[in-house]
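The residues making up each chain are set out below.
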Amino acid sequence: MSVKKFWLGNLDLTKKIHIYGGGISGLSAAYKFKKAGLDFVLYEKSSRLGGKIQSTQTEHGLVEWAANAIVNSPEIERILTELEISPLYVSKGLKRCIYRNGKIQSFPPFGFKEGFFLFKNLFNSFPDNLKGSTLKEAFYALLGENLSNEVLSPIFRGVYATGAENLNAGLVLNGIEDYSEKPYYQFFRDKIKQKQKIQSLSFMGGMQELVDALKRKIEGHYELNTNQAMKENALICTSPLQSAELIGKMNPALSNKLKNLKSVPIRSTTFFFEKEVPELKGSFGLLFNESDSPNLMGILVNHEIFPQRDEKYFSYTLISKESVSLPAFFKDSPIKQYEFEQSNRLPLFDNNLRLLRSELDKTSDFAFFSNFTGAISLRQILHFKG
């Protein structure tokens, strides 16, 4: 079986491949190589595989340390069949909500006046340098200031942990540079034509089931609790900072550039309640903009998303930059909370990262595959798309 390139840099598939990092990127790469019959070994410095992806079954219910689901696709369904794990689909018909103008609003979170404003602006055009533009700059002629800050930014903040003004348009919207100086309606018309039915999924035992299934498939090809020195033909599947440490002696200049990449903090806190929060009933979750909530980025309503787990308590996960207090519409006190900090943080998908990716792909000494080398979503990592 041939392997199409999904990494940045240089990798010789005819020689033994040394994978550094046993997070979801390293596990996905190892699984791909195992299917192709290639010779490889994976090194993980901690005592477990999976990285940030981890689920804990507590006495109150399931708690996810990071991602709680994957966006489904035919390719994901095929991979899950190969891994012999059964998907648990997100409940249909849930509202997607945003906190705007001091209240919770369902999508689309605007009225007739703003709707007419958007319709009129569909005939405006994207700027001419989309590859180097921020996401806010790319859509400013369509959305204006208020909708950019209060709608666009919260949507992407819920994924990338920062607002549209900090994100490179080309990195977060693949192929958008093709629409430079073209009207917005062409972009949305094409997206509608390409649109597939989107449904997310997880597993009865949480995302840990995916990690465990991948681990089983590469049994005998990984080493835990090891600080293995860099070897030839290495695929680095770690954070930018850890990648910088690994290549420091071999390529100091590139190591320094990796160290200087910006990152954003992210923290997950799951609360359990005896009573449901009425304002969030029937909702998938709730997004917040930076001005209304500099710290809190979003809320996931776990018991609505996966009611099949039939847990005893009502569960809400708050995604924030730092330790967080419950919003005022949570009237009752929680019976328990579990807080997890993603210590490696998330890479900032800005123009500096875009430029560095080109440099990483030109190196002949090693290869890279992680959330900073391609897309950030689990689906795209499992698809091995750059």
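Residues numbered from 1 in each chain as written. Predicted model: local features only at pLDDT ≥ 70, side-chain atom pairs only at ≥ 80, totals over all residues. Heavy atoms only, no water.

Asker: Please give an account of the sheet that holds strand S12 (residues 234–236) that cites residues and values.
Answerer: The 6 strands are arranged S1-S20-S12-S2-S3-S11 in an open sheet whose pairing can be described as mixed. Edge strands, defined here as strands with exactly one partner in the open sheet, are strand S1 (8–9) and strand S11 (222–223). Relative to strand S20 (residues 367–368), S12 runs parallel, the two being bridged by 2 bridges. Residue pairing across strands places Ile236 opposite Phe368, the latter belonging to S20. (Pairing = 2+ DSSP bridges. Helix = DSSP H or I, 4+ residues; strand = E, 2+ residues; numbered from the N terminus.)

Asker: So, the nonpolar core: which residues are in play, and what are the values?
Answerer: The biggest cluster of nonpolar side chains holds 42 residues, and the ones touching the most others in it are Phe126, Leu135, Phe139, Leu258 and Phe368. When residues of this core are traced back to their parent elements, those giving at least two are strand S3 (40–43), helix H4 (135–160), helix H5 (169–172), helix H6 (184–194), S12, helix H8 (240–247), helix H9 (252–259) and helix H11 (351–362). Considering each element in turn, this core owes the most residues, 10 residues, to H4. (Core = buried A, V, L, I, M, F, W, Y, C linked by side-chain atoms within 4.5 Å. Buried < 20%, exposed > 50% of the residue type's maximum accessible area, 1.4 Å probe, protein only.)

Asker: Can you break down the side chain of Thr58 residue by residue, with the values?
Answerer: Along the chain, the position of Thr58 falls in the loop between strand S4 (55–57) and strand S5 (62–64). At 2.7 Å, the side chain of Thr58 forms a polar contact with the backbone oxygen of Gly61. The residues contacting Thr58, other than those within four sequence positions of it, are Val63, Phe272 and Tyr338. (Polar contact = N/O pair within 3.5 Å; in protein donor to acceptor, adjacent residues only side chain to side chain. Contact = heavy atoms within 4.5 Å.)

Asker: Quick rundown of the pattern of salt bridges? Include the residues and the values.
Answerer: For the coordinates displayed, the defined rule picks out 14 salt bridges. The closest approach of N and O atoms between Glu82 and Arg78, which form a salt bridge, is 2.2 Å. In this pair, Glu82 and Arg78 both sit in helix H2 (residues 74–83), 4 residues apart, roughly one turn of the helix. Residue classification places Arg78 among the partly exposed positions, given a relative accessible area of 33%. With a closest N to O distance of 3.6 Å, Glu290 and Arg157 form a salt bridge. (Salt bridge = Lys/Arg side-chain N within 4 Å of Asp/Glu carboxyl O.)

Asker: Tell me about the packing of aromatic side chains, residues and numbers included.
Answerer: A full pass over the atoms with the stated rule returns 26 aromatic pairs. With a centroid separation of 5.8 Å and an interplanar angle of 70°, the aromatic rings of Phe139 and Phe187 are classed as edge-to-face. On the criterion of sequence distance, the pair formed by Phe139 in helix H4 and Phe187 in helix H6 is long-range, its members being 48 residues apart. Just as Phe139 is buried, Phe187 falls in that class too. A centroid spacing of 5.3 Å and a plane angle of 90° characterise the contact between Tyr179 and Phe187, whose relative ring orientation is edge-to-face. Judged by its relative accessible area of 6%, Phe187 is buried. Within the aromatic cluster, the residues linked to one another by ring pairs are Phe126, Phe139, Tyr179, Tyr184, Phe187 and Phe188. Above the plane of the ring of Phe306 lies Arg309, whose end atom (NZ or CZ) is 4.5 Å from the centre. (Phe/Tyr/Trp six-rings, centres within 6.5 Å; stacked < 30°, edge-to-face > 60°. Lys NZ or Arg CZ within 6 Å of the ring centre and 35° of its normal.)

Asker: Account for the pairing of strand S16 (residues 296–301), naming residues and giving values.
Answerer: Judged by how many residues are buried, S16 sits mostly within the fold: 6 of 6 residues are covered. Across 3 bridges, the pairing between strand S15 (residues 283–288) and S16 is antiparallel. Following the sheet pairing, Leu287 is matched in S16 by Gly298. Looking at chain direction, S16 and strand S17 (residues 314–320) are connected through 5 bridges and run antiparallel. Bridge pairing links Ile299 to Leu318 in S17.

Asker: Account for H11, with residues named and values stated.
Answerer: With 12 residues, H11 extends 18 Å from end C-alpha to end C-alpha; this agrees with the ideal 16 Å at 1.5 Å per step. Those residues of H11 not exposed but buried are Leu353, Leu356, Arg357 and Leu360. Taken down its axis, H11 places every buried residue within 115° of arc, on the same side. (Expected span 1.5 Å × (residues − 1). Arc of directions from axis to C-beta.)

Asker: Tell me what's going on with the packing of H8 against H9, and back it up with residues and numbers.
Answerer: Viewed as axis vectors pointing N to C, H8 and H9 meet at an angle of 165°, and their least axial separation amounts to 8 Å. One finds that H8 runs roughly antiparallel with respect to H9. In the packing of H8 onto H9, the handedness of the crossing is left-handed. Contacts between H8 and H9 involve Pro240, Leu241, Ser243, Ala244 and Ile247 from the former and Pro252, Leu254, Ser255, Leu258 and Lys259 from the latter. Class assignment of the residues belonging to the contact of H8 with H9 gives a composition of 7 nonpolar, 2 polar and 1 charged. (Axes fitted to C-alpha atoms, helices over the stretch in contact; angles between N-to-C directions. Parallel < 35°, antiparallel > 145°, perpendicular 65-115°, else oblique. Left-handed = near helix turned anticlockwise from the far one by under 90°. Nonpolar A, V, L, I, M, F, W, Y, C, P; charged D, E, K, R; others polar.)

Asker: For the packing of helix H3 (residues 112–121) against H4, give the residues involved together with the corresponding values.
Answerer: Any two packed helices are characterised by how steeply their axes cross, that is the angle between the axes, and by the distance between the axes. Close contact between H3 and H4 brings their axes to 9 Å; oriented N to C, the two are set at 155°. Classified by the angle their axes make, H3 and H4 are roughly antiparallel. For the pair formed by H3 and H4, the contact residues are Glu114, Phe117, Leu118 and Asn121 on the first element and Ala141, Leu142, Leu143, Gly144 and Leu147 on the second. Partitioning the contact of H3 with H4 into residue classes produces 6 nonpolar, 2 polar and 1 charged.

These values are about where atoms sit, not about what they do.
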